[in-house]
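Listed below are the residues making up each chain.
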Amino acid sequence: MAFELPDLPYDYDALEPHIDERTMRIHHDKHHAGYTRKLNNALEGHDDLQEHSIEELLAGIDSLPADVQTAVRQNGGGFYNHRLFWTTMSPDGGGTPNSDLGDAIDEAFGSFEDFKSHFADAATGQFGSGWGWLVAEPSGALSVTSTPNQDNPLMEGHTPILGVDVWEHAYYLHYQNERGSYVNAWWNVVDWDAVADNYDAVASA
Ligand code: MN
């Protein structure tokens, strides 16, 4: 069973003006497609590993055979991270989370604005390429973190419910070196209903 590149759940230009069509086309059709293809190539001949979900493979990254570990870390990470990224954005995004997630954010960070500040600091402060994350625990607790390259919190035993891609390929065409401007605009497309669904799936586990 091979992993499949998921379609975007909206048109390539749907997130404009915050994320431009050309960036979305290259990001999905080239970058995400490449991670997916290379993940499948790495798992060729490893029938036992192909039976696992991507979440299982990444959570167990340290126990994978040495000959596939780096390829799964990089390309399996890229496959998973971008899938989460697309599905937590929407042309109808922005605003604030309500319900249990909103309460958990207030509890963890003091307020939604304080959360955004912590998250933006983590994302913009990540040296080089990587991701900023909002992570949920089964207890319902939330935290903010960042990882380099295509690493993600699954590899450390935690579950991300929202992530922002801060590789230059995610923003350079429109924002050039202004990573902070990109993150600031990205809040306008965050789909808080989708993030709340992710939160409920973790916190009720
Ligand atoms: Mn990317």
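Quantities reported herein were computed from a predicted structural model and do not represent experimental measurements. (Residues numbered from 1 in each chain as written. Predicted model: local features only at pLDDT ≥ 70, side-chain atom pairs only at ≥ 80, totals over all residues. Heavy atoms only, no water.)

Draft legend 1. Local environment of the pairing of strand E2 (residues 142–148). Relative to E2, strand E1 (residues 130–136) runs antiparallel, the two sharing 7 bridges. When the bridges of E2 are listed, Trp131 appears paired with Thr147. Connecting the antiparallel pair E1 and E2 is a turn made up of 5 residues, with Gly140 showing a positive phi of about 100°. (Pairing = 2+ DSSP bridges. Helix = DSSP H or I, 4+ residues; strand = E, 2+ residues; numbered from the N terminus.)

Draft legend 2. Looking closely at empty space enclosed by the protein. Tallying each qualifying case throughout the model produces 1 cavity of 30 Å³ or more. The computed volume of the largest cavity comes to approximately 30 Å³. As for the largest cavity, its lining consists of His18, Ile19, Asp20, Thr23, Ala170, Tyr171, His174 and Tyr175. Of the residues contributing to the lining of the largest cavity, the split by class is 4 nonpolar, 3 polar and 1 charged. (1 Å grid on protein atoms, 1.4 Å probe; cavity = no way out; pocket = protein on both sides within 12 Å on 5 of 7 lines; lining within 4 Å. Points joined across faces, edges and corners; volume = space filled by probe spheres on them. Nonpolar A, V, L, I, M, F, W, Y, C, P; charged D, E, K, R; others polar.)

Draft legend 3. Examining the environment of Ile105 more closely. For Ile105, the location among the structural elements is in helix H5 (residues 99–109). The exposure class assigned to Ile105 is buried, which follows from its relative accessible area of 0%. Those residues in contact with Ile105, other than ones at most four positions away along the chain, are Pro97, Gly110, Ser111, Phe112, Phe115, Leu142 and Trp192. (Buried < 20%, exposed > 50% of the residue type's maximum accessible area, 1.4 Å probe, protein only. Contact = heavy atoms within 4.5 Å.)

Draft legend 4. Up close: the packing of helix H1 (residues 21–43) against helix H4 (residues 66–87). For the pair H1 and H4, the least separation of the axes is 8 Å and the interaxial angle reads 145°. Both H1 and H4 take part in a crossing whose hand is left-handed. Taking contact as the criterion, the partners of Met24, His27, His28, His32, Tyr35, Thr36, Lys38, Leu39, Ala42 and Leu43 in H1 are, on H4, Val68, Ala71, Val72, Gln74, Asn75, Gly76, Gly78, Phe79, His82, Arg83, Phe85 and Trp86. Here the contact of H1 with H4 is built from residues that sort into 11 nonpolar, 9 polar and 2 charged. (Axes fitted to C-alpha atoms, helices over the stretch in contact; angles between N-to-C directions. Left-handed = near helix turned anticlockwise from the far one by under 90°.)

Draft legend 5. Expanded view of the packing of H5 against helix H9 (residues 192–203). Running from N to C, H5 and H9 point in directions that differ by 80°, and their axes come no closer than 8 Å. Considering their axes alone, H5 and H9 lie roughly perpendicular with respect to each other. Where H5 abuts H9, its residues Asp100, Leu101, Ala104 and Ile105 lie against Trp192, Val195, Ala196, Tyr199 and Asp200. When grouped by side-chain class, the residues that make up the contact of H5 with H9 number 7 nonpolar, no polar and 2 charged. (Parallel < 35°, antiparallel > 145°, perpendicular 65-115°, else oblique.)

Draft legend 6. Highlighting H5. Of all the positions in H5, only Leu101, Gly102, Ala104, Ile105 and Phe109 are classed as buried. Taken down its axis, H5 places every buried residue within 165° of arc, on the same side. In H5, the exposed positions that point more than 90 degrees away from the buried face belong to Asp103 and Glu107. Among the residues trailing H5, Gly110 stands out with phi positive, at a value near 100°. (Arc of directions from axis to C-beta.)

Draft legend 7. Broad picture of the domain arrangement of the protein chain. The domain boundaries assigned to the protein chain delineate domain 1 (21–87) and domain 2 (99–203). With centres defined by C-alpha atoms, the gap from domain 1 to domain 2 works out at 20 Å. On the domain 2 side, the residues contacting the 20 residues of domain 1 number 21 residues. Around 1,700 Å² of area is buried between domain 1 and domain 2 when both sides are counted, 59% of it from carbon and sulfur atoms. Together, Asn81, Leu84 and Phe85 form the three largest contributors to the area buried by domain 1 at its contact with domain 2, with a combined 32%. The interface formed by domain 1 and domain 2 includes 1 salt bridge. (Domains from an automatic or database assignment. Buried area = accessible area lost by both parts, 1.4 Å probe. Salt bridge = Lys/Arg side-chain N within 4 Å of Asp/Glu carboxyl O.)

Draft legend 8. Geometry of the pairing of strand E3 (residues 159–165). Most of E3 sits out of view: 6 of its 7 residues are buried. Where E1 meets E3, 6 bridges bridge the pair, whose relative direction is antiparallel. Within E3, the position partnered with Gly132 by the bridge is Val164.

Draft legend 9. Here's a closer look at unusual backbone geometry. Cis geometry marks the peptide bond from Glu16 to Pro17, where omega comes out at 5°. Relative to the assigned elements, Pro17 resides in the segment before H1.

Draft legend 10. Main features of the pattern of salt bridges. Throughout the structure, instances matching the rule amount to 4 salt bridges. For Arg83, the salt bridge goes to Glu55, with nearest N and O atoms at 3.0 Å. Highlighted residues: Arg83 in helix H4 and Glu55 in helix H3 (residues 54–59), separated in sequence by 28 residues. Residue Arg73 pairs with Asp62 through a salt bridge whose shortest N-O separation is 3.8 Å. With a gap of 11 residues between them, Arg73 in helix H4 and Asp62 in the loop between H3 and H4 connect regions that are remote in the sequence.

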